[in-house]
Amino acid sequence: MTLIDRWELRSGADPVATTPAVQRLAAFLALQGPHDRAWIAGQLWPECNERHAHGALRSALWRIRHQHPGLVRTARGAIALDPAVRLDVDRILSRAAAILEEGQTPADALTVLSAGDLLPGWYEDWVMLHRERLHQLQLHALEHLAALLTRDGDYHRALQAGLTAVRLNPLRESAHRVVAQVHLAEGNICEAIRQYEQCRHILANELGIVPTRHFRGLLAPHLAAHTTPPSPVAASGSHLS
């Protein structure tokens, strides 16, 4: 089941058509995990009274049982997504855990972590909460991936990871900072200063703030050298007669 960039259910290679109610129920179970019927009905149909919310849930479950067998399981009043259903979100969680918890640098991590938004166009509170959580996880994993790859001397992939974090959130100073750190590790001081200046302009124009002392301190020696004017040449003997 696809939740990144869009909602999509497939059986093998073939997309499966379904109703919005089934989509919402399946997505809810994928993100929230198993819950009892009453709680699910209240969360998915908060605008309805209890009777109508339970009726909407029964209708969605009936469609799933008849049109999409094997999608969900029900037991002792609880409803859960069938464990056999594969979720694209799980790939992001897996790669992020490998990077953040185990210090690994999976070969496909950059591709997986640069995926788009969770269920764009869905504005329910439970979706927006999980969307922001996943977004923050992606950013932290990308930044840490850049640091790990820099340590390993894989500057190209490190730079791609850092720049991807900047693209996902241009207002995030730590993303700009990790890009500057990659440039410094490579000895590209001018590139690091340019990344700092880009961050400084964005923060000033969008938020009216300046980069933190941490970022300024990282580049302070280079910024001083970059902005110090050349010493005047000694003028003795230079006057024309």
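For the structure, check the block above.
Position numbers for residues start from 1 in each chain and track the written sequence from start to end. Thresholds applied to this predicted model are a pLDDT of at least 70 for local features of residues and 80 or more for the giving and counting of side-chain atom pairs; totals over whole chains, interfaces and linings are not thresholded and use all residues. To obtain the side-chain values, all non-hydrogen atoms of the structure were included, while hydrogens and water were left out.

This paragraph deals with the pattern of salt bridges. In the sections that follow, a salt bridge refers to a side-chain nitrogen of Lys or Arg positioned within 4 Å of a carboxyl oxygen of Asp or Glu. Per the stated rule, a full pass over the model turns up twelve salt bridges. Across the pair Arg172 and Glu143 runs a salt bridge, and its minimum N-O distance is 2.6 Å. On the criterion of sequence distance, the pair formed by Arg172 in the loop between α7 (155-168) and α8 (173-186) and Glu143 in helix α6 (residues 125-151) is long-range, its members being 29 residues apart. Relative accessible area decides the class of each residue, using a 1.4 Å probe on protein chains only: under 20% of the type maximum gives buried, over 50% gives exposed, and in between gives partly exposed. Note on Arg172: relative accessible area 12%, which makes it buried. Glu191 serves as the salt-bridge partner of Arg194, at 2.5 Å between the closest nitrogen and oxygen. Here Arg194 and its partner Glu191 are both found in helix α9 (residues 189-207), three residues apart, which amounts to about one turn of the helix. On the basis of relative accessible area, Glu191 is assigned to the partly exposed category, the value being 29%. What emerges from the salt-bridge pattern is a single network uniting Arg6, Glu8 and Arg10. In DSSP terms, a helix is any run of H or I states spanning at least four residues, a strand is any run of E spanning at least two, and both are numbered starting from the N terminus.

Turning to the pairing of strand β5 (residues 78-81), a few remarks are in order. A strand pair is defined by DSSP finding two or more bridges across the two strands. Here strand β3 (residues 35-36) runs beside β5; their pairing, made up of two bridges, is antiparallel. Across the sheet, residue His35 finds its bridge partner in β5, namely Ile79. Both strand β4 (residues 72-75) and β5 contribute to a ladder of four bridges, which runs antiparallel. Counted as the bridge partner of Val72 is Leu81 from β5. Linking β4 back to β5 in an antiparallel pair, the connection comprises two residues, with Arg76 at a positive phi of about 50 degrees.

What follows concerns the nonpolar core. A general trend in soluble globular proteins is that nonpolar side chains are found buried together. With 56 residues, the main nonpolar core has Met1, Leu3, Trp7, Leu25, Leu71 and Leu119 as its most contacted residues. Looking at which element gives the most residues to this core, the answer is α6, with ten residues. We call two residues in contact whenever any of their non-hydrogen atoms come within 4.5 Å of each other. Ignoring any residue separated from it by four or fewer positions in sequence, one finds Trp7 in contact with Met1, Thr2, Thr18, Gln23, Ala26, Ala27, Leu119 and Trp122. Ala192, Cys199, Leu203 and Leu223 belong to the second largest nonpolar core, which has nine residues in total. Think of a nonpolar core as a cluster: buried Ala, Val, Leu, Ile, Met, Phe, Trp, Tyr and Cys residues, connected wherever their side-chain atoms sit within 4.5 Å.

Here we come to the environment of His52. Relative to the helices and strands, His52 is located in helix α3 (residues 50-67). Its relative accessible area of 45% is what places His52 among the partly exposed residues. Along the sequence, His52 and Leu184 sit 132 residues apart, while their C-alpha atoms lie 61 Å from each other.

A few words on the environment of Leu219. Summarising the element assignment, Leu219 is placed in helix α10 (residues 213-227). In this structure the C-alpha to C-alpha distance between Leu219 and Leu184, which are 35 residues apart in sequence, comes to 9.0 Å. Setting aside residues up to four positions removed in sequence, Leu219 forms contacts with Leu184, Ala192 and Tyr196.

The next point concerns α6. Here a helix's expected span is defined as the number of its residues, less one, multiplied by 1.5 Å. With 27 residues, α6 extends 39 Å from end C-alpha to end C-alpha; this agrees with the ideal 39 Å at 1.5 Å per step. Just downstream of α6, Gly153 is the residue with a positive phi angle, here 80 degrees.

Turning to unusual backbone geometry, a few remarks are in order. Phi at Asp5 takes a positive value of approximately 75 degrees, unusual for a residue other than glycine. Checked against the element boundaries, Asp5 lands in the segment before β1 (10-11). Owing to a relative accessible area of 46%, Asp5 belongs among the partly exposed residues under this scheme. The backbone of Arg76 shows a phi angle near 50 degrees, a positive value even though the residue is not glycine. Looking at the secondary structure, you find Arg76 in the loop between β4 and β5.

Function cannot be read off these values alone, since they describe shape.
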